[in-house]
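Inside the fold
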Amino acid sequence: MSSVIAFVGLGHMGGPMAANLVKAGHRVIGHDLVPDALEAAVAAGVEAAPSAAAAAADADVVVTMLPAGRHVLALYQEQGLLAAARPGTLFVDCSTIDVADARAAHQAAVAAGHRAVDAPVSGGVTGAEAATLTFMVGGDPAAFAQAEPLLTAMGKKAVHCGAAGAGQAAKICNNMILGVSMIAVSEAFVLGESLGLTHQALYDVASTASGQCWALSVNCPVPGPVPGSPANRDYRPGFAAPLMAKDLALAANAVREGGVDAELGLRAAALYAAFAEGGGAAEDFSGIVRAIRERSGRRPAADTHDRKARQR
């Protein structure tokens, strides 16, 4: 069945997600504060609304994709999104935010007479465009069942992780694994360079041995071995380094609050914070390999060599 869906936040992730809902046959009414983002969404079939509240007024479902928890909470309450929606509307927050903020947003939605789930995503811009995202969902089973058909229109999988906030918990745990593994893979390639290994040789071994992981086989941090990785596009973001830094900061906060001994997670958060604030501000998170190479006192000759080889 088709639904009327309000979609608030039509940026690099939200825009393609809203477009995929249109392709699935839903009526999507969207709003974004950035005119160019709203214009691109309209070109993909989304109807423009003058405000988030106006978008929600006639919707069966409200989807939000916003930068941080404070934006979600302010939109829900101070900016009147919950009040504008009809009673019983399903609120689906796909932002990546703090677990406590997700629970607070859920409670506010329920108190206003609505259903709600937190449903952060994994898969980056490429996954949003191709509708291959994975959704990690927190909320009661009935709300998940209502949201699942819409989530699978935007992605390949939706996993019910538990009660409110559980989706965000799964997201930050997953991205802590990803951040740590990307640093480990990057360090291994820089070590391999110092030992005279070619990128291809190390990849051919590790990708079929115990070093195999997503950071290696899909988002390989050096040019050459994986043609689709951002390393072959001068680290133009698929998943930007500042977003990884944000997610790892959320994980680090949870680690400290929970008293968990997670030395690698905390160290990864610190490394990505420094990278995102410096040379990696506009790069894919796999670009951290260049920071590791620089700190190691090694010249970026391997990158140059690989780019020239691809051009030949």
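Cut-offs and rules
Residues numbered from 1 in each chain as written. Predicted model: local features only at pLDDT ≥ 70, side-chain atom pairs only at ≥ 80, totals over all residues. Heavy atoms only, no water. Core = buried A, V, L, I, M, F, W, Y, C linked by side-chain atoms within 4.5 Å. Buried < 20%, exposed > 50% of the residue type's maximum accessible area, 1.4 Å probe, protein only. Helix = DSSP H or I, 4+ residues; strand = E, 2+ residues; numbered from the N terminus. Contact = heavy atoms within 4.5 Å. Domains from an automatic or database assignment. Buried area = accessible area lost by both parts, 1.4 Å probe. Polar contact = N/O pair within 3.5 Å; in protein donor to acceptor, adjacent residues only side chain to side chain. UniProt positions renumbered as here; feature names shortened; annotations may be inferred. Axes fitted to C-alpha atoms, helices over the stretch in contact; angles between N-to-C directions. Left-handed = near helix turned anticlockwise from the far one by under 90°. Expected span 1.5 Å × (residues − 1). Disulfide = S-S within 2.5 Å. Parallel < 35°, antiparallel > 145°, perpendicular 65-115°, else oblique. Nonpolar A, V, L, I, M, F, W, Y, C, P; charged D, E, K, R; others polar. Salt bridge = Lys/Arg side-chain N within 4 Å of Asp/Glu carboxyl O.

1. Here we look at the nonpolar core
Buried together is how nonpolar side chains tend to be arranged in soluble globular proteins. One finds Ile183, Phe189, Leu216, Met244, Tyr272, Phe285 and Ile288 to be the most contacted residues of the largest nonpolar core, which totals 34 residues. Mapped onto this core, the elements with two or more residues apiece are helix H9 (166-194), helix H10 (199-206), helix H11 (214-217), helix H12 (241-258), helix H13 (263-277) and helix H14 (288-295). Once residues within four sequence positions are removed from consideration, isoleucine 288 is found in contact with Met182, Ile183, Ser186, Leu271, Tyr272 and Phe275. Residues Phe7, Met17, Val46 and Cys94 belong to the second largest nonpolar core, which totals 31 residues.

2. Describing the domain arrangement of the chain
When the parts of a complex come together, some accessible area is lost, and that lost area is often taken as the interface size. Each domain of the chain was delimited in the assignment, giving domain 1 (4-163) and domain 2 (169-297). Centre-to-centre, using C-alpha coordinates, domain 1 lies 28 Å away from domain 2. Counting from both sides, the interface comprises 14 residues of domain 1 and, opposite them, 9 residues of domain 2. Overall, the association of domain 1 and domain 2 removes approximately 860 Å² of surface from exposure, summing both partners, and the carbon and sulfur fraction of that is 60%. On the surface where domain 1 and domain 2 come into contact, there are 4 residue pairs in polar contact (both at pLDDT 80 or more). Counting only elements with at least two residues in the side of domain 1 that touches domain 2, the list comes to strand E7 (121-122) and helix H7 (124-130).

3. Here's the deal with the UniProt feature "domain: 3-hydroxyisobutyrate dehydrogenase-like NAD-binding" (unreviewed entry) in the chain
According to UniProt, the feature "domain: 3-hydroxyisobutyrate dehydrogenase-like NAD-binding" (unreviewed entry) maps to residues 165-291 in the numbering used here. The straight-line gap between the two end C-alpha atoms of residues 165-291 is 34 Å; of that span, 61% is helix and 0% is strand.

4. Focus on the packing of H12 against H13
Interhelical geometry of H12 versus H13 gives an angle of 145° and a closest axis separation of 8 Å. The hand of the H12/H13 crossing is left-handed. Judged by residue contacts, Ala241, Pro242, Met244, Ala245, Leu248, Ala252, Val255 and Arg256 of H12 engage Leu266, Ala268, Ala269, Tyr272, Ala273, Phe275 and Ala276 from H13.

5. Quick notes on the UniProt feature "domain: 6-phosphogluconate dehydrogenase NADP-binding" (unreviewed entry) in the chain
According to UniProt, the "domain: 6-phosphogluconate dehydrogenase NADP-binding" (unreviewed entry) feature falls on residues 5-162. What you have in residues 5-162 is 46% helix and 25% strand, and the ends, taken at the C-alpha atoms, are 24 Å apart.

6. Section: the environment of alanine 44
By the element assignment, alanine 44 lies in the loop between helix H2 (35-43) and strand E3 (47-48). With relative accessibility at 35%, the residue alanine 44 sits in the partly exposed group. Considered as a pair, alanine 44 and proline 16 are 28 residues apart in the sequence and their alpha carbons are 8.4 Å apart. Among all residues touching alanine 44, those that are not within four sequence positions of it are Ala19 and Val22.

7. Concerning the environment of alanine 249
Mapped onto the fold, alanine 249 is located in helix H12. Of the residues examined, alanine 249 reaches a relative accessible area of 36% and is grouped as partly exposed. For the pair alanine 249 and alanine 273, spaced 24 residues apart in sequence, the C-alpha separation works out to 8.0 Å.

8. Thoughts on H9
Along its 29 residues, H9 runs 42 Å from first to last C-alpha, staying within 8% of the 42 Å computed at 1.5 Å per residue. At the exit of H9 stands glycine 196, carrying a positive phi of roughly 90°.

9. So, the state of the cysteines
Applying the stated criterion across every chain, the model contains 0 disulfides. Lacking any disulfide linkage, cysteine 161 is separated from the closest cysteine sulfur, that of cysteine 173, by 9.8 Å. Overall, the relative accessible area of 33% leaves cysteine 161 in the partly exposed class.

10. Section: the packing of H9 against H10
Closest axis-to-axis distance for the H9/H10 pair is 10 Å, and the angle between their directions is 130°. With respect to H10, the axis of H9 lies oblique. By crossing handedness, the relation of H9 to H10 is classed as right-handed. Contact residues: Ala188, Phe189 and Glu193 in H9; His199, Leu202 and Tyr203 in H10. By residue class, the composition of the contact of H9 with H10 is 4 nonpolar, 1 polar and 1 charged.

11. A short note on the pattern of salt bridges
In the structure shown here, the tally under the stated rule is 6 salt bridges. Two residues, glutamate 47 and arginine 27, come together in a salt bridge whose shortest N-O distance is 2.9 Å. Linking glutamate 47 in strand E3 with arginine 27 in strand E2 (residues 27-31), this pair joins segments that are 20 residues apart in sequence. Glutamate 47 gets classed as partly exposed once you look at its relative accessible area, which sits at 34%. Note on arginine 27: relative accessible area 39%, which makes it partly exposed. Beyond isolated ion pairs, a larger network of salt bridges with shared partners links Asp234, Glu283 and Arg290.

12. Describing unusual backbone geometry
Positive phi, close to 55°, is recorded for aspartate 234, a residue that is not glycine. Locating aspartate 234 in the fold gives a position in the loop between H11 and H12. Not every positive phi belongs to a glycine, and tyrosine 235 is a case in point at roughly 65°. Looking at where tyrosine 235 falls in the secondary structure, it is placed in the loop between H11 and H12. The class of tyrosine 235 is buried, set by a relative accessible area of 0%.

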